Amino acid sequence: RLAKSARAAGNTESAGNALAQARLHDPTLATVQCAEMDWAAGRAHDALSRLRQQCAKLETDAQGALAESLLLLARLTGEAGEREAAEVQRMHVRVTELRPTWEDGHFWLGSFHDRQLRLALDAASRDQVEVPAKTPGAMSCPSKRIVGGKEKARKKFDAHAAHLGPIIRSYGQALRRGSMHAPSALPRVVTLWLDYADQLARVEAGELPAAEAQHNVRAPEDAMAELIKGLPLRSWLPCVAQLVSRTCHRHQRTRDMLLLLLSRLLAEYPQQLVWAVMPVALAKVSERKQTGEKIVTAAKQRLLGTPILEVLRSSHKLIEQLRKVCNDEAIDKAIKKVSLKTRWPALHRMTNLSLVVPLYSNLTPAEVDGGGAAGSPFSPNAPTIASWGDSVEVMGSLQRPKKVAILGSDGVKYDFLCKPKDDLRKDARMMDFMTTVNRLLQKSSNCRRRRLAVQCYAVTPIDTECGLIEWVPHMVQLRSVIKGYWDVLKMGFSHSAIKARYNPVAQQQGSRRRQGLAELIRQLMGELPPVLQHWFVEKFGEPSSWFEARLAFTRSMALMSMIGFAVGLGDRHLENILIHSTSGSIMHVDFACLFDQGLNLATPEQVPFRLTQNLVHAMGMSGAEGVFQRVSELALEQLRENREALLNVLSTMRHDPLVEWRRRNAKEDASGRSNSEEAEKELAKIDLKLRGVLQAHGTMPLSVQGQVQHLINDATNIYNLSQMYVWWMPWC
C-alpha cells in the first residue's frame with residue numbers, strides 16, 4: 001500500500017524502496033506493482049515480461065493472485081497491441097472465471113468489448129475502403145472505392161449489434177458486484193443502449209438497411225432489460241437526467257423500458273425526483289407532456305394507499321405556482337420588494353409539504369457505497385417545505401428575478417432565485433457535469449490531497465425558460481469587492497472617463513486599433529492596480545488562515561478555469577464570479593454563455609477563461625505559474641482521462657435541445673425523438689478539447705502541460721485582453 005501511495009504521488013524512489021520490502025512479504029503483489037511502475041516509466045517490454053513470467057509460475061489454486069496478475073497483463077497487452085484481440089479477450093474471460101465475484105474483472109472485460117466497438121465504429125466511418133485486386137500481379141496495389149452513407153450506417157449498426165450485448169452484460173456484472181466503476185460504466189451503458197435503440201427504430205422503419213443475418217439485433221435490448229431488472233434502483237439515480245431526456249424515444253420497447261424504470265424510481269424516491277420528473281409532465285411540448293404524465297400516473301399506482309402519494313399530488317400544484325412567480329412581469333420597475341401572501345396567495349397557502357427543499361445536498365444522491373442511513377442515497381433528515389417567507393425581493397437585473405425564501409421543517413430559512421426568461425437546463429447540466437468532476441477528483445490521490453472540488457448548487461428547471469436556483473450564503477461578487485477597495489483607496493474609476501478614452505481608439509482600423517487598445521489596457525492596469533489581495537489580508541487576519549484562504553482561492557480558480565475551458569464557458573465578467581467570505585474559494589454563476597457562445601457575441605471573446613491582474617496578483621508571488629498552473633494540469637489531466645464519462649453527462653442535450661438551438665436551427669426536435677444537430681456539433685468541439693487539440697494552435701494533440709501553458713498564455717495575452725468587451729473589464 002505504501003508503494004502504491006508513493007507511486008500515485010509521483011515519488012518513484014519511495015515506491016521502489018517500499019517494493020523492495022514488499023517482496024519479502026508478498027512477492028506476487030510486489031511484482032504487479034513493479035510492472036505498473038515499469039509501464040508508467042515507458043518500459044513496456046519489461047512490464048509485460050515480468051507479468052508473463054509471474055502468470056506462468058503461479059499455481060491455478062492461487063486464483064486471487066493469478067487473477068490480478070492476468071488482468072494487468074491483459075490490459076497492458078491490449079494497450080501495447082502485442083497480441084490479437086481474440087487472445088486478449090480470452091485473458092479477460094479467464095480472469096472472470098478465476099474470480100467470478102471480482103468487480104474489476106468484469107469491468108475490464110466490458111471495457112475491452114467497448115474498445116472493440118470503438119475500433120469497429122471508426123472502421124465503419126471511413127469514406128473509402130480497399131478492394132483487393134483480382135489479378136495475381138496486382139495484389140500489392142489494391143484499389144479503393146467510395147463508401148456510401150447507407151453502407152456506413154449499416155456497418156455502424158452491425159458493429160453495435162455485434163458488440164453491445166457483451167458490453168452491457170460485462171458492465172452489468174461489474175455493477176452488480178460493486179460501485180467502484182459505476183460513475184463511468186452505467187452512464188456509458190445507458191448512452192450506448194439508447195443510441196443503438198434509435199438505430200434499431202430506423203431499421204424497423206426502413207430508414208436504414210437491415211443488419212447482417214448472423215447478428216441478433218435483440219440481444220442488446222434483452223441484456224438491458226435484464227440489467228434494469230437486476231440492478232438496485234438507487235444505482236440508476238445518477239442517470240436520471242439522462243433517462244428523462246429520452247422519454248420520447250422513437251423505439252417503442254425502449255420507451256416502455258424507460259417509462260417503467262422512471263416510474264419505479266419516482267415511486268421509490270418521490271420527495272427528491274419530483275423536481276426532475278414533474279416538469280416533464282407539465283411540459284409545453286405535447287409528446288413530452290404525455291410521456292411525463294404516464295410516468296407520474298404509473299408512480300401513483302405504485303404508491304396507492306400510502307401517505308407519500310400526496311407528494312406527487314402537491315408537487316404538480318407547487319410547480320405550477322412557482323412558474324407563475326417566475327414569469328410574473330407585471331411588477332413595476334420601481335418596486336424592490338413585494339408580499340408573497342398578497343401577490344401569490346395560492347403559493348403562500350401551500351404549507352407543510354412533504355417535498356424536500358430543493359437544495360443541492362438534498363437532490364444529489366450519495367455514492368452507492370455510502371451516505372444516508374441504512375445505505376440510503378439521500379439523507380433521511382433532509383428538510384421539507386414547511387412554509388414560505390412573505391417578503392420577496394425583486395432583483396434589479398434585466399430579467400428581474402425574484403428572491404424567494406422557503407422555511408424548512410428544520411426551522412432554517414433557505415433562499416432561492418426564481419429566474420425567468422432563461423433556459424436553466426444548461427445550468428442544470430453544468431451542475432451534473434461538475435458533480436461528476438467532483439467524484440472523479442476524489443478518486444485521484446493528488447487531487448484529493450489538495451482538496452480539489454467545485455462549489456455546486458441546485459439548479460431546478462421547472463420549464464424550458466424558467467426555474468429555481470439555490471442561493472448560496474456567504475458569497476460575494478468579485479466586482480463589489482474590487483470596486484469597494486477602489487472607493488476606499490480613492491482610485492479614479494469612472495465609466496464615462498473610460499468610455500471617452502476607449503471609443504476613439506476602438507473606432508480605428510487594423511493594426512492601429514489593435515496597438516491602441518493594447519496600450520489603453522496597459523494604462524488602465526497601471527491606473528487601477530490590483531487590490532483583491534487586500535481583501536484576503538482584511539478577512540483572514542491569522543497568517544495560517546490567510547495562507548489557507550489564498551490557497552483555496554488559487555486552487556478553485558484553476559479548477560474552474562479548466563472546466564470552463566472544456567465546456568466553452570464565456571461571459572466571465574466580475575459579477576459572474578463570486579468569492580466565499582469564510583473560505584476564500586470561488587464559485588461561478590450564470591452558465592448561459594456555454595459551448596463557446598462567447599465567440600458569437602457582438603464583441604467576440606478572445607480568452608479561454610478569466611485570468612486578469614487582480615486574480616493573478618491575489619495568488620501570491622508565483623502568480624499563475626505556481627499553484628495555479630500545477631492544479632490546472634492535475635484538473636485537466638482528470639478531465640482528459642475521463643473524457644467519455646463527462647461527455648455522457650452532457651449527451652442529454654442531444655435529446656433535450658436548448659431553446660436557443662431550436663431558434664437557430666429549424667430541424668431541432670423539441671420532443672427529443674431525434675438527435676440534436678446543434679448538440680452533436682457542440683459535443684464534438686468539447687471532445688476535441690479533451691483530446692488535447694487547441695484548434696487556434698493547430699490540429700495536433702498537445703500534452704496536458706503544453707495545453708495548460710498555451711491556455712495561460714492566451715488568457716493573459718495583452719492583445720487578447722484588449723479585444724474583449726470594454727465592460728468585461730480586462731484591466732481589472
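Remember, predicted model here, so these are calculated numbers, not experimental data.

Quick notes on the rules
- Residues numbered from 1 in each chain as written.
- Predicted model: local features only at pLDDT ≥ 70, side-chain atom pairs only at ≥ 80, totals over all residues.
- Heavy atoms only, no water.
- 1 Å grid on protein atoms, 1.4 Å probe; cavity = no way out; pocket = protein on both sides within 12 Å on 5 of 7 lines; lining within 4 Å.
- Points joined across faces, edges and corners; volume = space filled by probe spheres on them.
- Helix = DSSP H or I, 4+ residues; strand = E, 2+ residues; numbered from the N terminus.
- Nonpolar A, V, L, I, M, F, W, Y, C, P; charged D, E, K, R; others polar.
- Salt bridge = Lys/Arg side-chain N within 4 Å of Asp/Glu carboxyl O.
- Buried < 20%, exposed > 50% of the residue type's maximum accessible area, 1.4 Å probe, protein only.
- Phe/Tyr/Trp six-rings, centres within 6.5 Å; stacked < 30°, edge-to-face > 60°.
- Lys NZ or Arg CZ within 6 Å of the ring centre and 35° of its normal.
- Axes fitted to C-alpha atoms, helices over the stretch in contact; angles between N-to-C directions.
- Parallel < 35°, antiparallel > 145°, perpendicular 65-115°, else oblique.
- Contact = heavy atoms within 4.5 Å.
- Polar contact = N/O pair within 3.5 Å; in protein donor to acceptor, adjacent residues only side chain to side chain.
- Pairing = 2+ DSSP bridges.

So, on to empty space enclosed by the protein. Taken as a whole, this structure holds five cavities of 30 Å³ or more when the rule is applied. In this structure, the second largest cavity spans a volume of roughly 80 Å³. For the lining of the second largest cavity, the leading source of residues is helix 25 (residues 543–567), giving four residues. A breakdown of the residues in the lining of the second largest cavity according to their chemical character gives six nonpolar, three polar and two charged.

Here we take up the pattern of salt bridges. In this structure the tally under the stated criterion is 31 salt bridges. The partner of Arg-429 in a salt bridge is Asp-432, with the nearest N and O atoms 2.9 Å apart. With Arg-429 and Asp-432 both in helix 19 (residues 425–442) and three residues apart, the pair spans about one turn of that helix. Residue class for Asp-432 comes out partly exposed when judged on its relative accessible area of 27%. Where salt bridges share partners, they join Asp-114, Arg-118, Arg-188, Arg-643, Glu-644, Asp-687 and Arg-691 into one cluster.

Across all of its chains, the model carries 11 aromatic pairs by this definition. Ring plane angle 5° and centroid distance 5.3 Å describe the contact between Phe-157 and Tyr-196, whose orientation is recorded as stacked. Taken together, the residues Phe-157 in helix 8 (residues 149–177) and Tyr-196 in helix 9 (residues 182–204) connect sequence positions 39 residues apart. In this structure, Phe-157 and Tyr-196 share a single accessibility class: buried. Measuring from ring centre to ring centre gives 5.3 Å for Phe-536 and Phe-553, while their planes differ by 70°; the resulting arrangement is edge-to-face. One end of the pair, Phe-536, is in helix 24 (residues 532–539); the other, Phe-553, is in helix 25, with 17 residues separating them in the sequence. By relative accessible area, Phe-553 is classed as buried at 0%. Taken together through their ring pairs, the aromatic side chains of Trp-535, Phe-536, Phe-540 and Phe-553 make up a single cluster. The side chain of Lys-689 reaches across the aromatic face of Phe-565, ending 5.3 Å from its centre.

Bringing the packing of helix 25 against helix 30 (residues 677–690) into the picture now. Each packed pair of helices is defined by two parameters, the angle between the axes and the distance between the axes. Following both chains from N to C, one finds helix 25 and helix 30 inclined at 135°, their axes separated by 8 Å at the closest point. On the basis of their axis angle, the class for helix 25 and helix 30 is oblique. Across the interface between the two elements, Phe-565, Ala-566 and Val-567 of helix 25 pack against Ile-686, Lys-689 and Leu-690 of helix 30. A class-by-class count of the residues in the contact of helix 25 with helix 30 yields five nonpolar, no polar and one charged.

This brings us to the environment of Ser-263. Mapped onto the fold, Ser-263 is located in helix 12 (residues 252–268). For Ser-263, a relative accessible area of 2% puts it in the buried group. It is 5.8 Å that separates the C-alpha atoms of Ser-263 and Ala-298, two residues lying 35 residues apart in sequence. Other than its neighbours up to four places away in sequence, Ser-263 contacts Ile-295, Ala-298, Ala-299 and Arg-302. A distance of 2.8 Å separates a polar side-chain atom of Ser-263 from the backbone oxygen of Leu-260.

This part takes up the sheet that holds strand 11 (residues 577–580). As summarised here, the arrangement of the three strands in space is 10-11-12, forming an open sheet in which the pairing is antiparallel. One side of each edge strand has no neighbouring strand; the edge strands of this open sheet are strand 10 (475–477) and strand 12 (586–588). Taken over all neighbouring pairs, the strand axes of this sheet differ in orientation by 35° on average, direction set aside. As paired strands, strand 11 and strand 12 are joined by three bridges and run antiparallel to one another. Within the sheet, the bridge partner assigned to Leu-578 lies in strand 12 and is Met-587.

Remember, this is a structural readout, not a statement about activity or role.
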